[in-house]
Amino acid sequence: MQPGYAAVLCVLAVLGLEAAAPGECELTRLLQDKLQYEMRLQYMKHYFPIDYTVHVQYEEVLRPANITRLRNGTVSEAALRYLWFHVSSQAVLRIREVLPEKHPSWKYTQELCQLFDALGKEYSKYRQTDVEAVVADLVKLVHSAGAESRRKAVRPKALLDNCLKVMRMLYGAPCRWEST
């Protein structure tokens, strides 16, 4: 650990901001670059039929309002980032499931999946017992194969829009992004 890094972590903890690991910051920065508006518009809207939707579980739609509500319920920032990772990576997989390999958006979603896989290695140190019960329960619901009755039709671009908005909420301050 570099000198001064521990002091920064202590200051952030005192301020109530739990620091994101440097690897998380780098990977989410790459993800933010990949989720630029023009790319989301091209790959998730223009290359899909008009009004095309993907069926996802209600828990797989994570909006900024959900994060605000969980923050007000005193859920830690680390747990919120853990939740965001699981929900967003699952959303990208849902989009990829409906694409044939020769679809113009296939390569784009493949690159997003690779970034989420790399981010998953950062999160592999977390266990569901380390996060709040409400977050652990949501992660279990997201990964449950059933729950057909709790499905919702969502446009692919909307899933990635929410992914980006929530990522900026959770990582903008701890990672010191200029354009949040």
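Scope of this entry: the structure provided in the associated data block. Each residue is numbered by its place in its chain's sequence as written, counting from 1. Local features in this predicted model are restricted to residues of pLDDT 70 or higher, and side-chain atom pairs are both shown and tallied only at a pLDDT of 80 or more, whereas totals for entire chains, interfaces and linings draw on every residue. With hydrogens and water excluded, all non-hydrogen atoms of the structure serve as input to the side-chain values.

## Points about the overall build of the chain
Applicable threshold: Put simply, DSSP marks the helices as runs of H or I at least four residues long and the strands as runs of E at least two long, and each gets a number from the N terminus on. Whether a residue is buried, partly exposed or exposed follows from its accessible area with a 1.4 Å probe, protein chains only, as a fraction of its type maximum: under 20%, in between, or over 50%, in that order. Residue contacts are counted whenever heavy atoms from the two residues lie within 4.5 Å of one another. A 1.4 Å probe and the Shrake-Rupley method give the accessible areas. Residues count as covered only by the protein chains that appear here.
Scanning the chain for helices and strands turns up 8 helices and 2 strands. For the chain, the succession of helices and strands along the chain, N to C, is α-α-α-β-α-α-α-α-β-α. Buried residues in the chain amount to 44% of all 180 residues. Within the chain, residue pairs in contact and separated by at least 24 positions form 86% of the contacts whose partners lie at least 6 positions apart. Entry remark: accessible area of the chain is about 9,700 Å², with carbon and sulfur atoms responsible for 56%.

## Some points on helix α3 (residues 37–46)
Those residues of α3 that fall on the buried side of the exposure criterion are R40, L41, Y43 and M44. Structurally, α3 contributes buried residues whose contacts are with α5 (77–97), α6 (106–123) and α8 (156–171).

## What about the nonpolar core?
Generally speaking, nonpolar side chains in soluble globular proteins are found buried as a group. Rules: Among the buried residues, those of types Ala, Val, Leu, Ile, Met, Phe, Trp, Tyr and Cys that are joined through side-chain atoms within 4.5 Å form a nonpolar core.
If you look at the biggest cluster of nonpolar residues, it comprises 48 residues, and the most contacted ones within it are L31, L35, W84, F116, V135 and L160. Sequence-distant contacts of W84, that is, excluding residues within four places in its chain, are made with T28, L31, L62, F116, L119, C163, V166, M167, L170 and Y171.

## Describing the packing of aromatic side chains
Convention followed: Stacked, edge-to-face and tilted labels apply to pairs of Phe, Tyr and Trp rings (six-membered ring for Trp) whose centres lie within 6.5 Å, assigned for plane angles under 30 degrees, over 60, and everything in between, in that order.
Under the definition given, this model contains 8 aromatic pairs. Ring centres of W84 and F116 lie 5.7 Å apart, and the angle between their planes is 45°; this geometry places the pair in the tilted category. Here F116 lies in helix α6 and W84 lies in helix α5, a separation of 32 residues in the sequence. Each member of the pair, W84 as well as F116, is classed as buried. Here F85 and Y123 contribute two aromatic rings whose centre-to-centre distance is 5.1 Å and whose plane-to-plane angle is 20°, an arrangement assigned as stacked.

## As for the environment of L83
Structurally, L83 is set in helix α5. When its relative accessible area of 2% is taken as the criterion, L83 is described as buried. Once the C-alpha coordinates of L83 and I67 are considered, the two residues, 16 residues apart in sequence, prove to be 9.6 Å apart. Setting aside chain neighbours within four positions, we find L83 in contact with L62, L70, V135, L138 and V139.

## Description of helix α7 (residues 133–143)
Put simply, the test is: Comment: arc refers to directions from the helix axis out to C-beta atoms.
Among all positions of α7, only V135, A136, V139 and V142 are buried. Looking straight down α7, one finds that the buried residues subtend no more than 120° of arc, so they occupy a single side. Against β1 (54–57) and α5 lie the buried residues of α7.

## Looking at the state of the cysteines
Formally: Cysteine sulfur atoms that pair up within 2.5 Å are treated as a disulfide.
Counted according to the given criterion, the structure contains 1 disulfide. In this model C25 forms its disulfide with C175; the gap between the sulfur atoms is 2.0 Å. Disulfide C25-C175: the torsion about the S-S bond is -80°, which places it as left-handed. Placement of the pair is C25 in helix α2 (residues 22–34) and C175 in the segment after α8, with a sequence separation of 150 residues. Here C25 falls in the buried class, since its relative accessible area comes to 14%.

## Points about the environment of M44
With respect to the helices, strands and loops of the structure, M44 is situated in helix α3. Taking C-alpha positions, M44 is 9.4 Å from T109, a pair spaced 65 residues apart along the chain. In contact with M44, other than residues within four places in its own chain, are M39, I95, S105, Y108, T109, P156, K157 and L160.

## Some remarks on the environment of P64
On the secondary structure map, P64 appears in helix α4 (residues 64–72). In sequence terms P64 and L170 are 106 residues apart; their C-alpha atoms lie 9.6 Å from each other. Ignoring sequence-local partners within four residues, the contact set of P64 consists of N162, K165, V166 and M169.

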